[in-house]
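Examining the three-dimensional arrangement
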Amino acid sequence: MALSLTLPTASGTLAPYALRGTAPVKPEAGVKFNRIAYSAAHVVADPLAAVDPWLQAAVDWDTTIAYRRHLFSLGLGVAEAMDTAQRGMGLDWPTSLELIRRSLDAAKDVPGALVASGCGTDHLNLDDVKSVDDVIRGYEEQMAAIEALGGKLIVMASRALARVAKSPADYERVYDRILSQAKQPVVLHWLGDMFDPALAGYWGTKDVDAAMDTAVGIIAAHPDKVDGIKISLLDKDKEIAMRRRLPKGVRMYTGDDFNYAELIAGDGFGDEPTHGKSDALLGIFDAIAPAASAALGALAQGNTEKFHAILGPTVPLSRHIFAAPTRFYKTGVVFMAWLNGHQKHFTMVGGQQSTRSLQHFAELFRLADAANLLEQPELAVRRMKTLLALHGVEG
């Protein structure tokens, strides 16, 4: 007999829902990829800590690191202390640095494990930032701390820089300084304002094509110091256009949680391999990790049809999780981890579990089932019923 429960509908009524009963996809043991694939991983809050959640971050370190080991076991790299980990939305810099340290330590036990860590300026008080030099010093402080741990940098977009920069030249000055002293090639990060409104007009203009010119110029001036760039604009055409302009060997890491399947598969454009396909640095890979691993394994074996058959059904779920206000997507990622038994509770740093509605969670549940992503269906139903009961829905 199929598992079932009562869920809210878009019209505000309640209706029975029966699970599909399809077994979730599992990747083959020792799966290999022909793309680099980072999952931007979430943090697990400590619900027993005596803190004020809106003001202080309390992390369950054991469960947080256990989830990273789970991602490593699936062949995925970890993009650490990024937006998915609520960086700048509850997770402060001292806690982020501790998270980076613990992740790097965990990776030492896993041959070939990839970790790249977010380097930003979020420790600065924005009211105290008066100049581009202040921004440079902020980046250098975090850069030194991460590199002292042996970490690879993801140079995150800076709210402070967006606030004080007066022209593209200010961005060129900052990034030239940071890239010139990086110990190993970095990943740059262009985060659109749909993810963070404070980053509107990044690269010195609100014209996306002009902004792209500035970013490509910065990369072209330091091709040996840039492993790749992750862009999160949710616009596949912009990503493809920029991908084709990158210097030889510089990767495009898709951050497009709406169109990742086709961008990773690629279009085979040009003679330079990195111009015809995207690698991945995605928040959604946290929520769909087993399917992402299985799909990437199929792609590496030349089975594009299987790749799309596995990954395609996850796209509607991702578009729902990342629906506007997009910055609240972290709530859906953590909700999936709770449904699938990777943590015992649905509590988030900063109390962010409250940012989405019960209707949103109900549709997320249906889409996760449709994509064969409920790893333990009985547990998922029990936990969904718990959430429903907290909102006054029984049955």
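Report on the accompanying structure. Please read these numbers as outputs of a predicted model, since none were measured by experiment.

About the criteria used
Residues numbered from 1 in each chain as written. Predicted model: local features only at pLDDT ≥ 70, side-chain atom pairs only at ≥ 80, totals over all residues. Heavy atoms only, no water. Helix = DSSP H or I, 4+ residues; strand = E, 2+ residues; numbered from the N terminus. Rg over C-alpha atoms; globule rule 2.2 N^0.38 Å. Buried < 20%, exposed > 50% of the residue type's maximum accessible area, 1.4 Å probe, protein only. Contact = heavy atoms within 4.5 Å. Polar contact = N/O pair within 3.5 Å; in protein donor to acceptor, adjacent residues only side chain to side chain. Core = buried A, V, L, I, M, F, W, Y, C linked by side-chain atoms within 4.5 Å. Pairing = 2+ DSSP bridges. Axes fitted to C-alpha atoms, helices over the stretch in contact; angles between N-to-C directions. Phe/Tyr/Trp six-rings, centres within 6.5 Å; stacked < 30°, edge-to-face > 60°. Lys NZ or Arg CZ within 6 Å of the ring centre and 35° of its normal. Expected span 1.5 Å × (residues − 1). Salt bridge = Lys/Arg side-chain N within 4 Å of Asp/Glu carboxyl O.

Some words on the overall build of the protein
When its secondary structure is counted, the protein shows 15 helices and 10 strands. Computed over C-alpha atoms, the radius of gyration of the protein comes to 21 Å, within 12% of the 21 Å expected from 2.2 N^0.38 for 395 residues, which places it in the range of a compact globule. Dimensions of the protein along its principal axes, counting C-alpha atoms only, are 65 × 50 × 45 Å. Considering the protein as a whole, with its 395 residues, one finds that 56% of them fall into the buried category. In the protein, the share of contacts with a sequence separation of at least 24, taken over all contacts with a separation of at least 6, comes to 72%.

A closer look at the environment of Asp 105
Locating Asp 105 in the fold gives a position in helix 2 (residues 93–107). Residue classification places Asp 105 among the partly exposed positions, given a relative accessible area of 32%. A sequence separation of 40 residues divides Asp 105 from Ile 65, and the C-alpha atoms of the two residues are 9.7 Å apart.

Let's talk about the side chain of Gln 343
The topology assignment puts Gln 343 in the loop between helix 13 (329–339) and helix 14 (358–370). Looking at Gln 343, its side chain comes within polar contact range of the main-chain oxygen of His 345, at 3.1 Å. Among all residues touching Gln 343, those that are not within four sequence positions of it are His 42, Val 44, Thr 63, Val 334, Ala 337, Trp 338 and Arg 383.

As for the side chain of Asn 340
When you line up the elements, Asn 340 lands in the loop between helix 13 and helix 14. Setting aside chain neighbours within four positions, we find Asn 340 in contact with Leu 373, Leu 374, Glu 375, Gln 376 and Leu 379.

Let's talk about the nonpolar core
The biggest cluster of nonpolar side chains holds 119 residues, and the ones touching the most others in it are Tyr 202, Met 242, Phe 285 and Phe 365. The contacts of Tyr 202, once residues within four sequence positions are left out, are Tyr 139, Met 156, Ala 157, Ser 158, Leu 161, Ala 162, Tyr 171, Tyr 175, Trp 190 and Ala 211. The next biggest cluster of nonpolar side chains, apart from the first, holds 10 residues, and it includes Tyr 38, Ala 79, Val 187 and Leu 281.

Focus: the sheet that holds strand 7 (residues 186–191)
What the eight strands build is a closed barrel, ordered 3-4-5-6-7-8-9-10; its pairing is parallel. Between one strand axis and the next, the sheet turns by 25° as a mean value, whatever way the strands run. Relative to strand 10 (residues 279–282), strand 3 (residues 37–40) runs parallel, the two being bridged by three bridges. Residue pairing in the sheet places Tyr 38 in a bridge with Leu 281 of strand 10.

Notes on the environment of Ala 37
Examined against the element boundaries, Ala 37 turns out to sit in strand 3. Ala 37 sits in the buried class, given a relative accessible area of 3%. Separated by 169 residues in the primary sequence, Ala 37 and Lys 206 have C-alpha atoms spaced 29 Å apart. Beyond its immediate chain neighbours, meaning those up to four positions away, Ala 37 contacts Leu 76, Gly 77, Ala 280, Phe 285 and Leu 296.

Looking at the packing of aromatic side chains
Tallied over the full model, the rule gives 17 aromatic pairs. Ring pairing ties together the aromatic residues Tyr 139, Tyr 171, Tyr 175, Trp 190, Tyr 202 and Trp 203, which thus form one cluster. Against the face of Phe 269 rests Arg 244, its NZ or CZ located 3.9 Å from the ring centre. The ring centre of Phe 328 lies 4.9 Å from the NZ or CZ of Arg 327, which sits over that ring.

Remarks on the pairing of strand 6 (residues 152–155)
Covered by surrounding structure in strand 6 are Lys 152 and Ile 154 together with Leu 153 and Val 155, the residues of both alternating faces. In this structure, strand 5 (residues 115–119) lies alongside strand 6, joined through four bridges in parallel fashion. By the bridge assignment for strand 6, Ser 117 is matched with Leu 153. With two bridges connecting them, strand 6 and strand 7 associate as parallel partners.

Topic: helix 2
In an α-helix, one full turn covers 3.6 residues, which means residues spaced three or four apart are oriented alike. Counted at 1.5 Å a residue, the expected span for helix 2 with its 15 residues is 21 Å, and the 21 Å between its end C-alpha atoms agrees. Among the residues of helix 2, those classed as buried are Trp 93, Thr 95, Ser 96, Leu 99, Ile 100, Ser 103, Leu 104, Ala 106 and Ala 107. Next to the buried residues of helix 2 lie helix 1 (61–73), strand 4 (77–80), strand 5 and helix 3 (132–148).

As for the pattern of salt bridges
Where charged atoms from two side chains of opposite charge approach closely, those side chains can pair. Evaluated as defined, the whole model comprises 22 salt bridges. Here Asp 105 and Arg 101 are joined by a salt bridge, their closest N and O atoms 3.1 Å apart. Taken together, the residues span about one helical turn, with Asp 105 and Arg 101 both in helix 2 at a distance of four residues. Look at Arg 101 and you get partly exposed, because its relative accessible area is 31%. Residue Asp 105 is joined to Lys 108 by a salt bridge in which the shortest nitrogen-to-oxygen separation is 3.5 Å. You can call Lys 108 exposed: its relative accessible area is 63%.

A short note on the environment of Thr 274
Tracing the sequence through the fold places Thr 274 in the loop between helix 8 (260–265) and strand 10. Judged by its relative accessible area of 8%, Thr 274 falls in the buried class. Separated by 46 residues in sequence, Thr 274 and Gly 228 place their C-alpha atoms 9.7 Å apart.

Scope: geometric values only; no functional claims are made or implied.
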